[in-house]
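Observations on the model geometry
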Amino acid sequence: MTPTTVFQRCATALCVFAAALLTACATSAILQGTAWLAPLAAVVAAIVASGLAFRSLPGIGTSGLAALVEFCVSAWAVLIACASGAMLGGVVPTPAAFGELFALLGQGIDDIYSTTAPAPATPGLLALMTVGLALVTTLVDGLVADLRAPKTAGIILLVVYLVPALLAPRELRWWHFASIGAAFLLLLLTPYAERGPSRGPLTAAAAGALALLLGVGIPLLIPPIEATHTRPLTAPKDLTVVNPFLDLKSDLSERSKTPIISYSTQDPLAPPIRLTSVSDYDGRTWKPETFKLDTAARANGVMPGAPGLSGDAERRTYTASFSIGGLDQQYLPAPYAPQTAHGVSDQWIYDSDTLTIVGNGITARDQQYEVSYTSVEPTAAQLAAAAPVDASQFSAQLSMPNDSPAIIARTAKRETKGAANEWEKAAKLQAYLRSDAFSYSLNAPKQASGDAIADFLADKRGYCVQFSGAMAAMARTLGIPARIGVGFTPGEQTGQGRYDVSMSQSHAWPELYFSGVGWVRFEPTPGGPAGAPPPWTEEGGESAEEPTASASPTPEDTSSASAEPTTAEPSSAPAEEDEGTPAAGAGPGFPWWIALLVLAVLLVLALPLAVRALQRSRRLRAPQDPEAVWAEVRASLVDGGALGPASATVRGEAARLAGLVEGRDAEALRAIGAAVESARYAGPGQTVPLPPPGQVNAALAALRAALRRRSGRVRGAVATALPRSVFARSGARPGSRPAPRRQH
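Residues numbered from 1 in each chain as written. Predicted model: local features only at pLDDT ≥ 70, side-chain atom pairs only at ≥ 80, totals over all residues. Heavy atoms only, no water.

**Remarks on the overall build of the protein**
Secondary structure assignment for the protein yields 24 helices and 18 strands. For the protein, the proportion of its 744 residues judged to be buried stands at 50%. In the protein, the proportion of contacts linking residues at least 24 apart, taken out of those at least 6 apart, comes to 74%. When the accessible surface of the protein is split by element, carbon and sulfur atoms take 59% of a total near 33,300 Å². (Helix = DSSP H or I, 4+ residues; strand = E, 2+ residues; numbered from the N terminus. Buried < 20%, exposed > 50% of the residue type's maximum accessible area, 1.4 Å probe, protein only. Contact = heavy atoms within 4.5 Å. Areas by Shrake-Rupley, 256 points an atom, 1.4 Å probe, with all protein chains shown as cover.)

**Concerning the pairing of strand 10 (residues 368-377)**
Burial of strand 10 is extensive: 8 of the 10 residues sit out of reach of the surface. For strand 6 (residues 314-324) and strand 10, the ladder comprises 10 bridges, and the chain directions are antiparallel. Bridging across to strand 10, arginine 316 finds its partner in serine 375. (Pairing = 2+ DSSP bridges.)

**With respect to the confidence of the model for the protein**
Any segment with low pLDDT has predicted coordinates that should not be analysed in fine detail. Summing up the model confidence of the protein, the mean pLDDT is 77 and the portion of residues at 70 or higher is 76%. pLDDT under 50 marks residues 543-593. Its contacts with residues more than four places away, or in other chains, come to 160 contacts. (pLDDT = per-residue confidence, 0-100.)

**Considerations on the sheet that holds strand 15 (residues 498-502)**
Taken in spatial order, the 6 strands line up as 7-10-6-2-15-14 in an open sheet, and their pairing is antiparallel. If you trace the sheet from one side to the other, it starts and ends with strand 7 (338-342) and strand 14 (492-495), each paired once. The average undirected angle you get between the axes of adjacent strands in this sheet is 30°. By the bridge criterion, 3 bridges tie strand 14 to strand 15 in an arrangement that is antiparallel. Its bridge partner lying in strand 15, glycine 495 is registered against arginine 498. (Axes fitted to C-alpha atoms, helices over the stretch in contact; angles between N-to-C directions.)

**Some remarks on the sheet that holds strand 3 (residues 273-278)**
Strands sit in the order 3-13-16-17 across an open sheet of 4 strands; the sheet is antiparallel. In this open sheet, the two edge strands, each paired with only one partner strand, are strand 3 and strand 17 (518-521). Put simply, the sheet's adjacent strands are angled 35° from each other on average, direction ignored. Looking at chain direction, strand 16 (residues 506-514) and strand 17 are connected through 4 bridges and run antiparallel. Among the inter-strand pairings, glutamate 511 is bridged to a residue of strand 17, identified as arginine 521. Sheet contacts for helix 17 (residues 464-477): strand 13 (482-488) and strand 16; angle to strand 16, the most-contacted strand, approximately 15°.

**Some thoughts on empty space enclosed by the protein**
Under the definition given, this model contains 8 cavities of 30 Å³ or more. Its volume calculated, the largest cavity comes out at about 250 Å³. Around the largest cavity, the lining comprises 15 residues; the ones closest to its centre are Pro271, Tyr336, Val376, Arg521 and Trp536. Among the secondary structure elements, those contributing two or more residues to the lining of the largest cavity are strand 10, strand 16 and strand 17. In terms of residue count, the dominant contributor to the lining of the largest cavity is strand 17 (3 residues). (1 Å grid on protein atoms, 1.4 Å probe; cavity = no way out; pocket = protein on both sides within 12 Å on 5 of 7 lines; lining within 4 Å. Points joined across faces, edges and corners; volume = space filled by probe spheres on them.)

**Considering the packing of helix 14 (residues 406-415) against helix 17**
Put simply, helix 14 and helix 17 touch, their axes get as near as 9 Å, and they point 75° apart. Classed by the angle they form, the pair helix 14 and helix 17 counts as roughly perpendicular. Residues Ile408, Ala409, Thr411 and Ala412 of helix 14 lie in contact with helix 17, whose contacting residues are Ala473, Met474 and Thr477. Tallied by class, the residues present in the contact of helix 14 with helix 17 amount to 5 nonpolar, 2 polar and no charged. (Parallel < 35°, antiparallel > 145°, perpendicular 65-115°, else oblique. Nonpolar A, V, L, I, M, F, W, Y, C, P; charged D, E, K, R; others polar.)

**Looking at the nonpolar core**
In this structure, Ile408, Leu433, Leu457, Leu512, Phe514 and Phe522 are the most contacted members of the largest nonpolar core, which totals 57 residues. At 9 residues, the largest contribution of residues to this core is made by helix 17. Judged by nonpolar contacts, the second largest core, of 35 residues, contains Ala20, Ala24, Ala29 and Ala119. (Core = buried A, V, L, I, M, F, W, Y, C linked by side-chain atoms within 4.5 Å.)

**Digging into the packing of helix 19 (residues 626-640) against helix 21 (residues 663-681)**
Relative to each other, helix 19 and helix 21 sit at 130°, their axes nearing to 9 Å. Put simply, helix 19 runs oblique to helix 21. Crossing geometry of helix 19 relative to helix 21 is assigned as left-handed. Across the interface between the two elements, Pro626, Glu627, Val629 and Trp630 from helix 19 touch Ile672, Ala675, Val676, Ala679 and Arg680 from helix 21. Here the residues of the contact of helix 19 with helix 21 sort into 7 nonpolar, no polar and 2 charged. (Left-handed = near helix turned anticlockwise from the far one by under 90°.)

**Quick notes on the side chain of aspartate 351**
Considering the arrangement of structural elements, one finds aspartate 351 in the loop between strand 8 (348-350) and strand 9 (357-359). Arginine 483 provides the closest opposite charge to the buried, salt-bridge-free aspartate 351, at an N-O distance of 7.1 Å. For aspartate 351, the side chain forms a polar contact with the side chain of threonine 354, separated by 2.8 Å. (Lys, Arg positive; Asp, Glu negative; His and termini not counted. Salt bridge = Lys/Arg side-chain N within 4 Å of Asp/Glu carboxyl O. Polar contact = N/O pair within 3.5 Å; in protein donor to acceptor, adjacent residues only side chain to side chain.)

**Focus: unusual backbone geometry**
Of note, the amide linkage connecting tyrosine 336 to alanine 337 takes the cis form, showing an omega dihedral of 5°. Its identity as a non-glycine residue notwithstanding, aspartate 366 has a phi of 65°, on the positive side. In this structure, aspartate 366 sits in the loop between strand 9 and strand 10. For lysine 460, which is not glycine, the phi torsion reads 60° and is therefore positive. On the basis of relative accessible area, lysine 460 is assigned to the partly exposed category, the value being 25%.

What follows is the structure in structure tokens.
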């Protein structure tokens, strides 16, 4: 190897190494501190150095196997950086080391959901960063050093920069962007690092810099998008919340009695523990209504009073102390209506209309806090005396799709016949749904869409999703504003004023609005852990002094706390589970990560094959050009290791290759050689045309098959998967096009 070649490869390797380190610096907004950069730099250095060493080996350096070698070295380096304690002698990989690495990756995913940027550099997050950067470095080095595709490699680095841009935009500084910009430009300049000074690098650098400036500058001119809880901006103080109504059945089917919430309160009514309310109904899905984010509306301050409460209804103030376990939910559990949350951070924000408390980049898991809340306890007489509402102020809570099944309004009208006021209508609807005509069962659709409600009213069998959805929909047809509260039943009483709540006690209930009182809870679901309906929902009902919750709830159904994001359109709920079948555990498993690593290896190995297929397609596309077809012939010879001597002519090479195939394919190869020679040397009007494209393609396919047979099964497979022509450098080749002759 000449000194020039050594310099070229070293220059390319240094560019890739520097670009990878700059990329790590650009993503540093995600983690706290900088000590974690050192092990990442060591991993990157090991990968790039192994690739440089392998590519310098004579004979096999250009075989395309460098990417595979780098992948193996990257796996070894990652294990040393993240799980050296489980390796033999600290350097030899063992199954235990891989198991520890996968466990760290799982912890890292958990840390993503439980922390906000800049997050502490936990072992799990460091493992994710190390594995990610190792894969990116391997891919980028292969693209730059082997495939000569620095632009594609640069785009990959810009995609990596999307991670901090999405997770920690407020933490990004000018030098983060400068780092990724420098990395991108550095990769663009790698081809010129091998050629010496010229105007090329300046042109490439200027074009790349202009592209980066336009990419950043144009978005600054776009008007800002207003942040809402279902359409969050990518800032640390914007929220991504979920629709817990979508997955109630899965939670109700969960047989585990492990408490996810423990709390204490002296409230004798023991109200349900509320997460949020869903009022946006499109005929298919109930979901939380969109509200604007106000980061000043902090739950640890003073919240507004219960919306609509202005009359003489009884109201009492209680305090509930909560200890949350494994509830990965961005809603903070609390009784209605919360007034302040003590012991929570400024990241918990409330919506003034619904008093829903949502986490700004934080979940309820492992939270310890107290909630002061107002328990509104009206009498049936007060609700009966409430004046009808102004429909114009409750358009969302009265909205019903035009194509709603007629059975909903027809049933509501029939069952409330003779009711003198809004409360009597609501009480009659509740009594109808709690009658013996209906039965409680988890064997019902998961959703409360229009069709599902119609089926429920016909079949009269379902669980809290159907009961609450049916009552809310029927109330709306009668002009009563309605929404659905989502959360948990009071749970199982474990002592005086102490309760434990498990996932199987998820619940949903309708909330109807009455003037002067506000939102009032009803309970149409019969049986299950929901217990008896509130006293004000029945004839002559007054506030109770004893808890009405069941002490030993049976597995109920309802809405869950773990569900699907509603940042745009909510996706469908997970697969339905049969009653009595425990819900499957969530979380990434060991086989999932093995599949991911196998996929990464296959993608890396498939790149040369994909590039080769693209080259062949371009060379043989119609109308076919003799020089392009001959370039494909030469590439096939390089792949098969059958390239002739540099002194060979086109006609001589074509004759030699014709001897490898038979019949029409041999004739087609000779005709291709003649067409190439005439295109190069014949005068105007004397050129020999190529054979028809079908014959050309068939002859080249036969040639490739013959070369594979000559190479043997193993070498032929390797030549197909890792074609040498993709990695070959330009230079003199037999039958290559001569330099144009000077005209005198």
